[in-house]
Amino acid sequence: MEGRFGWKRRIGVVPAALALLLCIVGALWAEVPSAYEEGWRFGIAYRNEVAGNLAVMHDASVARGTDRTAVLAAAREREALFREVLPAKVEWMRGVADGAGVPYEDVLLYNAADRLMTGFVGECTTFVASGKALAGGKGTLIAKNRDLGPNTLSEVAMEEGGTFAATDAYKAAYIDIPQAETAYRFVGSRSAGRWGYGMGINEHQVTVADNDAPTRDELAFDKGLHDNDYVRLVLERAKTAREGVEVLTKLTEKYGQAWNSIIFEIGDPNELWIVEIAGKRWVAKQYRDTFTARSNQFQITDDYDLAAEDLLSFAQSKGWIGKDVTGKINFRAVYGTTELYPEDNEKLEERPAAETLYNTEMRYRRAMELLQGISGRISPAAMLPLVRDHYDTYPLPSGKVLELKQMPYYSTPLAQDERQEWMTVFPEEDTVEVSVFPRAICHHAFEGITAATAILSARPVPNELGLMLHAYMQPCNSLFIPFYTGASSLDGRYSTPEAGSRFFQISKMAFGSYELYHAPLRIVFDPYEASLFKDMEAMEKEYRRLKKDGADEEAQALLDEFLYARWDSALAAADEGLTRMLEAAAASSAWSR
């Protein structure tokens, strides 16, 4: 979770303790303290978490070989910007440092330049489908597994939108840009405390998600827009998927992508688009009555419908294609490369071209295989096994096949055997050989995890029934919770880390022990999901009837009552799941004569 101005509170405590702690902090803040006092109290309340996060950042930067002096200089530049546009943030950071008893420079680095210190962890897998590929034959669906660092907490929040003056600014992660006259209401999933979002759906049923990809194009770094800002900007500014394409491409041409290229999936009840943005160059393709997937590489070749005006000329200026080339080019062959997160724009001409990367290509193939198996029957319910996939078998380069049987790799005997934590013979080497890691769609690893999953459904129904089904952490050991765009409000437990912390605990306990904990969890979660889909169908039918009859207030009450009941029961199920995990752990170590 992040505090008021961005501090990431990455905590995994028991729900009762977290709720008590939030109550204490809430009581402290009730006096409306100054920014420094607020930060100081935060530092005291979260002293251990602050120290732990800084230690993780330090260790990651050492392993990466980061030049701390250079990064600190960049952080000081951003601090100067904060003093101009948001001076309270600087005071808040100083308060956190004093309250937690840590150096202010470390807090500044964490809040202003953490990605420069640690690099990036976690990539995503996204499924999309439209029209006749869907079970209902109409609409669009986007399902994304959002993969991030292992200590990421997620939140679901509802942004109310509104109208703005011409002088108002949208304060993005790194820069300010002019605010739009109107911002639409939306619900979305974000990393705890973030301003931007990873995926969501707005009041017009415009859906959007995104994936990172490597690029040869020039990047804007901290002078450009973060991908989470782009997602939020599309949700706030687009009434249709096609408008979303315009929002993305105009903004990227003007401001550029921050740290890497981004693939955006955008849908509405009628159209589905994918925009692959290399930097300031881009292509877009509309998908009709079909399905496709994205991992972390460009997939559009020369079959795009729209493109940046300088797509060819820029590539020619860098020597990637000949001066005599005209017409369409193979976008991924020309703009794709191997390095996912370059540190600068030096020597673009020398960056190697690459259409596929092993890790991401294998996930793309698996996603397409799974979609093919349900083509024409794709629905939110049908997507559950796909986003929970860990592979049945995984072919290695040698021809050997790993028998994973839908178990996360680090929970299999394969991983446990090769790690060799118990050794009887004195080794002659410092290292041991390990297998290629079979990076699954549902991701469980030391350096990254699936932190959240969203299934976004845009359909020919009242816009208030625009639907996001959301799971915290890996979906295999989680459950899907409904969020409709027409809800009057959103339960505060979900827009703070309170809900996510329960599933964070489940994820941490289950890592490496999937076989022990998965079945006890599904005993609780499967009945919830089975009734959810049946009850959603009945509720939506009644909602449409009431709206047709002009009973708007009754329809709203029905929707709100349904959601709050499901939100309550989801957290109750999570608590029961944790209890069953503890029981399973105790039973696994029990013995008697």
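Refer to the structure presented above.
Residues numbered from 1 in each chain as written. Predicted model: local features only at pLDDT ≥ 70, side-chain atom pairs only at ≥ 80, totals over all residues. Heavy atoms only, no water.

Let's talk about the overall build of the protein
Tallying secondary structure elements over the protein gives 17 helices and 20 strands in all. Rg of the C-alpha trace for the protein: 24 Å, near the compact-globule value of 25 Å for 593 residues, within the 12% margin. Projecting the C-alpha coordinates of the protein onto the three principal axes gives extents of approximately 85 × 75 × 60 Å. Per-residue burial for the protein yields a buried fraction of 57% across its 593 residues. When contacts within the protein are restricted to residue pairs at least 6 apart in sequence, long-range pairs at least 24 apart make up 72% of them. Carbon together with sulfur atoms contributes 52% to the accessible area of the protein, which is approximately 24,800 Å² in total. A distance of 2 Å separates the average location of the 64 positive side-chain charges in the protein from that of its 86 negative side-chain charges. (Helix = DSSP H or I, 4+ residues; strand = E, 2+ residues; numbered from the N terminus. Rg over C-alpha atoms; globule rule 2.2 N^0.38 Å. Buried < 20%, exposed > 50% of the residue type's maximum accessible area, 1.4 Å probe, protein only. Contact = heavy atoms within 4.5 Å. Areas by Shrake-Rupley, 256 points an atom, 1.4 Å probe, with all protein chains shown as cover. Lys, Arg positive; Asp, Glu negative; His and termini not counted. Charge placed at Lys NZ, Arg CZ, Asp CG, Glu CD.)

Quick notes on the pairing of strand S3 (residues 154–159)
Burial of S3 is extensive: six of the six residues sit out of reach of the surface. Alternating positions in S3 separate into two faces, Ser154, Val156 and Met158 on one and Glu155, Ala157 and Glu159 on the other, with burial throughout. As paired strands, S3 and strand S8 (residues 186–191) are joined by six bridges and run antiparallel to one another. Paired with Ala157 across the bridge in S8 is Gly188. (Pairing = 2+ DSSP bridges.)

Considerations on a nonpolar patch on the surface
A cluster of nonpolar side chains, namely Tyr36, Trp40 and Ile44, defines an oily patch on the protein surface of about 270 Å² accessible area. Looking at the element boundaries, Ile44 is found in helix H2 (residues 35–45). (Patch = residues over 30% accessible without salt bridge, like charges linked within 9 Å, V, L, I, M, F, W, Y side chains within 5 Å. Salt bridge = Lys/Arg side-chain N within 4 Å of Asp/Glu carboxyl O.)

Focus: helix H15 (residues 497–510)
Relative to the 20 Å expected for 14 residues at 1.5 Å per residue, H15 spans 19 Å between its end C-alpha atoms, a close match to the ideal helical length. Judged by how many residues are buried, H15 sits mostly within the fold: twelve of 14 residues are covered. Among all positions in H15, only Pro497, Glu498, Ala499, Gly500, Ser501, Arg502, Phe503, Phe504, Gln505, Ile506, Ser507 and Ala510 are buried. Following H15 by one or two positions, Gly512 adopts a phi angle in the positive range, close to 85°. (Expected span 1.5 Å × (residues − 1).)

As for the packing of H2 against helix H5 (residues 87–100)
Where H2 meets H5, the closest approach of the two axes is 6 Å, and the angle between their N-to-C directions is 35°. Between H2 and H5 the crossing geometry is right-handed. Counted together, Ala35, Tyr36, Glu38, Gly39, Trp40, Phe42, Gly43 and Ile44 of H2 and Ala88, Glu91, Trp92, Arg94, Gly95, Val96, Asp98, Gly99 and Ala100 of H5 form the full contact between these two elements. When grouped by side-chain class, the residues that make up the contact of H2 with H5 number nine nonpolar, four polar and four charged. (Axes fitted to C-alpha atoms, helices over the stretch in contact; angles between N-to-C directions. Left-handed = near helix turned anticlockwise from the far one by under 90°. Nonpolar A, V, L, I, M, F, W, Y, C, P; charged D, E, K, R; others polar.)

Describing the packing of aromatic side chains
One pass over the structure, following the stated rule, counts 23 aromatic pairs. Aromatic side chains Phe221 and Trp259 sit 5.8 Å apart centroid to centroid with 70° between the ring planes, which places their arrangement in the edge-to-face category. Of this pair, Phe221 sits in the loop between strand S10 (207–213) and helix H8 (227–237) while Trp259 is found in the loop between helix H9 (241–255) and strand S11 (261–267), placing the two residues 38 residues apart along the sequence. On the basis of relative accessibility, which here comes to 12%, the residue Phe221 falls in the buried class. Both rings, one in Tyr409 and one in Tyr410, keep their centres 5.5 Å apart while their planes meet at 65°; by these two values the pair is edge-to-face. Taken together, the aromatic side chains of Tyr472, Phe483, Tyr494, Phe503, Phe525, Tyr564 and Trp567 make up a single cluster linked through ring pairs. Looking at Arg232, its charged tip hangs above the ring of Trp195, at a distance of 3.6 Å from the centre. One cation-aromatic arrangement involves Lys285 over Tyr287; the distance from NZ or CZ to the ring centre is 5.1 Å. (Phe/Tyr/Trp six-rings, centres within 6.5 Å; stacked < 30°, edge-to-face > 60°. Lys NZ or Arg CZ within 6 Å of the ring centre and 35° of its normal.)

Description of unusual backbone geometry
Phi at Asp289 is positive, roughly 50°, even though this residue is not glycine. For Asp289, the location among the structural elements is in the loop between strand S13 (282–286) and strand S14 (291–294). Exposure remark for Asp289: the relative accessible area of 44% places this residue in the partly exposed category. Notably, Lys347 is not glycine yet its phi reads approximately 50°, a positive angle. Examined against the element boundaries, Lys347 turns out to sit in the loop between helix H11 (331–335) and helix H12 (358–373). Judged by relative accessible area, which is 55%, Lys347 ranks as exposed.

What to know about the sheet that holds S14
What holds strands together in a sheet is hydrogen bonding between their backbones, with the strands either parallel or antiparallel. Read across the sheet, six strands follow the order S14-S1-S2-S18-S19-S20 without closing on themselves; strand pairing throughout is antiparallel. Of all the strands in the sheet, just S14 and strand S20 (481–484) have a single pairing partner and so form its edges. Here the average twist between neighbouring strands, direction ignored, is 15°. With four bridges connecting them, strand S19 (residues 467–472) and S20 associate as antiparallel partners.

A few points about the environment of Thr252
Residue placement: Thr252 occurs in helix H9. Measuring from C-alpha to C-alpha, the distance between Thr252 and Ser531 comes to 43 Å, with 279 residues separating the pair along the chain. When neighbours within four sequence positions are excluded, Thr252 is seen to be in contact with Tyr230, Gln257, Ile277, Gly279, Lys280 and Trp282. Of the polar contacts made by the side chain of Thr252, one reaches the backbone oxygen of Gly279; its length is 2.8 Å. (Polar contact = N/O pair within 3.5 Å; in protein donor to acceptor, adjacent residues only side chain to side chain.)

Here we look at the sheet that holds S3
Read across the open sheet, the eight strands follow the order S3-S8-S9-S10-S11-S12-S13-S15; overall the sheet is antiparallel. Looking at which strands have only one partner, the edges of the open sheet turn out to be S3 and strand S15 (306–307). In terms of strand pairing, S11 meets strand S12 (residues 272–277) through six bridges, oriented antiparallel. Across the sheet, Gly267 pairs through a bridge with Leu272, a residue of S12. This element, H8, spans S3, S8, strand S9 (199–202), S10 and S11 of the sheet and lies at about 160° to S10. Docked against the sheet, H9 engages S11, S12, S13 and S15, running at close to 10° with respect to S12.

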